[in-house]
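# Results of the structural survey
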Amino acid sequence: MRPLTLDDIEIVGIALAVLSVPFLWDLIPRNRFYGFRVPGTLRDDRTWYAINRWAAKRAIMIGAALAIAAWVLDVGGLDTPLARTILSLVMFAALAVFTIRGWIDANRMVRQQP
């Protein structure tokens, strides 16, 4: 498997941001293929829409930050193995924290429902 390039990270960032936009306006109904799909969000529509709106806002921010950082490093002539490794680690850490936090919040919402 080849290491991620700055172009790869930029594409991931853009895709993450663009694919998240429909969730800001509750355009994607509950499903098993697209969205923040954890047991809590798949239980009911209220949790699905609330968590996916929350996730979309953060995913757009993370995606934009990744794309901008990768572009700046590339244009600035800082495309080094160390820069790619650091940005890859930041990307995976941000997505891991984002996923764990969303999962916890979805479970909390389900428990608080009457």
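Whatever comes next refers back to the structure up there.
Worth saying up front: this structure is predicted, and the values here are computed from it rather than measured.

## Focus on the packing of aromatic side chains
- Under the definition given, this model contains 4 aromatic pairs.
- Between F23 and W48, the ring centres sit 6.3 Å apart and the planes meet at 65°, which makes this aromatic pair edge-to-face. Here W48 lies in helix 3 (residues 45-75) and F23 lies in helix 1 (residues 6-24), a separation of 25 residues in the sequence.
- Note on W48: relative accessible area 0%, which makes it buried.
- Where W54 meets F98, the ring centres are 5.9 Å apart and the plane angle is 5°; that geometry is what we call stacked. Here W54, found in helix 3, pairs with F98, found in helix 4 (residues 81-112); they are 44 residues apart in sequence, far enough to count as distant.
- Ring pairing ties together the aromatic residues F23, Y34 and W48, which thus form one cluster.

## Some thoughts on the side chain of T47
- Among the structural elements, T47 can be located in helix 3.
- Here T47 falls in the buried class, since its relative accessible area comes to 0%.
- Ignoring anything within four residues of it in the chain, the contact list for T47 reads G40, T41, N52, A106, M109, V110 and Q113.

## A short note on the pattern of salt bridges
- Taken as a whole and assessed by the stated rule, the structure comprises 5 salt bridges.
- Between D105 and R101 there is a salt bridge, and its shortest N-O distance comes to 3.1 Å. A residue pair is termed a helical-turn pair when its members lie 3 or 4 positions apart in one helix, as D105 and R101 do in helix 4 at 4 residues.
- Counted as one network, the salt bridges with shared partners bring together R101, D105 and R108.

Calculation rules
- Residues numbered from 1 in each chain as written.
- Predicted model: local features only at pLDDT ≥ 70, side-chain atom pairs only at ≥ 80, totals over all residues.
- Heavy atoms only, no water.
- Phe/Tyr/Trp six-rings, centres within 6.5 Å; stacked < 30°, edge-to-face > 60°.
- Helix = DSSP H or I, 4+ residues; strand = E, 2+ residues; numbered from the N terminus.
- Buried < 20%, exposed > 50% of the residue type's maximum accessible area, 1.4 Å probe, protein only.
- Contact = heavy atoms within 4.5 Å.
- Salt bridge = Lys/Arg side-chain N within 4 Å of Asp/Glu carboxyl O.

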